[in-house]
Amino acid sequence: QVQLVESGGGLVQAGGSLRLSCAASGSTFNNYAVGWFRQAPGKERELVAAITWSGITTYYGDSVKGRFIMSRDNAKTTAYLQMNSLKPEDTAIYYCATPTSRYFSSRSPADFGSWGQGTQVTVTS
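Residues numbered from 1 in each chain as written. Predicted model: local features only at pLDDT ≥ 70, side-chain atom pairs only at ≥ 80, totals over all residues. Heavy atoms only, no water.

Quick look at the nonpolar core now. Residues Trp-36, Met-70, Leu-81, Met-83 and Tyr-94 are the most contacted members of the largest nonpolar core, which totals 28 residues. Only strand E3 (18–25), strand E4 (34–39), strand E5 (46–51), strand E7 (68–73), strand E8 (78–83), strand E9 (92–99) and strand E11 (119–124) provide two or more residues apiece to this core. The biggest single contributor to this core is E3, with four residues. Counting residues in hydrophobic clusters, the runner-up holds five residues, among them Phe-37, Leu-47, Ala-50 and Phe-112. (Core = buried A, V, L, I, M, F, W, Y, C linked by side-chain atoms within 4.5 Å. Buried < 20%, exposed > 50% of the residue type's maximum accessible area, 1.4 Å probe, protein only. Helix = DSSP H or I, 4+ residues; strand = E, 2+ residues; numbered from the N terminus.)

A few words now on the pairing of strand E1 (residues 3–7). Of the two faces of E1, the one lined by Leu-4 and Glu-6 is fully buried and the one lined by Gln-3, Val-5 and Ser-7 carries no buried residue. Here E1 pairs with E3 via five bridges, running antiparallel. In the strand pairing of E3, Leu-4 is matched with Ala-24. (Pairing = 2+ DSSP bridges.)

In this section: the packing of aromatic side chains. The description of an aromatic ring pair rests on the distance of the ring centres and on the angle between the ring planes. Tallied over the full model, the rule gives five aromatic pairs. With centroids separated by 5.5 Å and ring planes inclined at 45°, the aromatic side chains of Tyr-59 and Phe-104 adopt a geometry described as tilted. Taken together, the positions of Tyr-59 in strand E6 (residues 58–60) and Phe-104 in the loop between E9 and strand E10 (112–115) put the pair 45 residues apart, joining distant regions of the chain. Owing to a relative accessible area of 29%, Phe-104 belongs among the partly exposed residues under this scheme. Ring centres of Phe-112 and Trp-115 lie 6.4 Å apart, and the angle between their planes is 55°; on these two criteria the pair is classed as tilted. You can call Trp-115 partly exposed: its relative accessible area is 26%. Ring pairs connect the aromatic residues Phe-37, Tyr-95, Phe-112 and Trp-115, which therefore count as one cluster. When the ring centre of Trp-115 is taken as reference, the NZ or CZ atom of Arg-45 above it lies at 4.8 Å. Directly above the ring of Phe-29 sits Arg-72, whose terminal nitrogen or CZ lies 4.6 Å from the centroid. (Phe/Tyr/Trp six-rings, centres within 6.5 Å; stacked < 30°, edge-to-face > 60°. Lys NZ or Arg CZ within 6 Å of the ring centre and 35° of its normal.)

Let's shift gears to the pattern of salt bridges. Per the counting criterion, the structure on display carries four salt bridges. The salt bridge involving Asp-90 is made with Arg-38; its shortest N-O contact spans 2.8 Å. Here Asp-90 is found in the loop between E8 and E9, whereas its partner Arg-38 is found in strand E4, with 52 residues between them in sequence. Comparing Asp-90 with Arg-38, the two get one shared label, buried. Asp-62 serves as the salt-bridge partner of Lys-65, at 3.2 Å between the closest nitrogen and oxygen. With respect to burial, Lys-65 and Asp-62 carry one shared label: exposed. Here the residues in one salt-bridge network are Arg-38, Glu-46, Arg-67 and Asp-90, joined through shared partners. (Salt bridge = Lys/Arg side-chain N within 4 Å of Asp/Glu carboxyl O.)

As structure tokens, this is what we get:
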């Protein structure tokens, strides 16, 4: 099982940028796709971005497409989420997670088995 730790959250003004990191323990991380989810108060957890184990293919939710960029560095067993042009509606706790099946085939949180503790992102207007 992969252990994940997120970092990089914080308070930023609308239009600003943040870069989140998801550090993983265990070499098996390189065999897993990775997803970034977010959950705002009173809302369901949603997948905002995902990347395959090779880093070649990425997925973005419609609400972040064109503003967020996901990448990974398998040598460092770390995944990243570069968030640009942030909006107040991006405010949420952000989590990274790996799919139970290792492969990205579903946007459902139920299909992701390992989760980090989350990092808070707050965007002020």
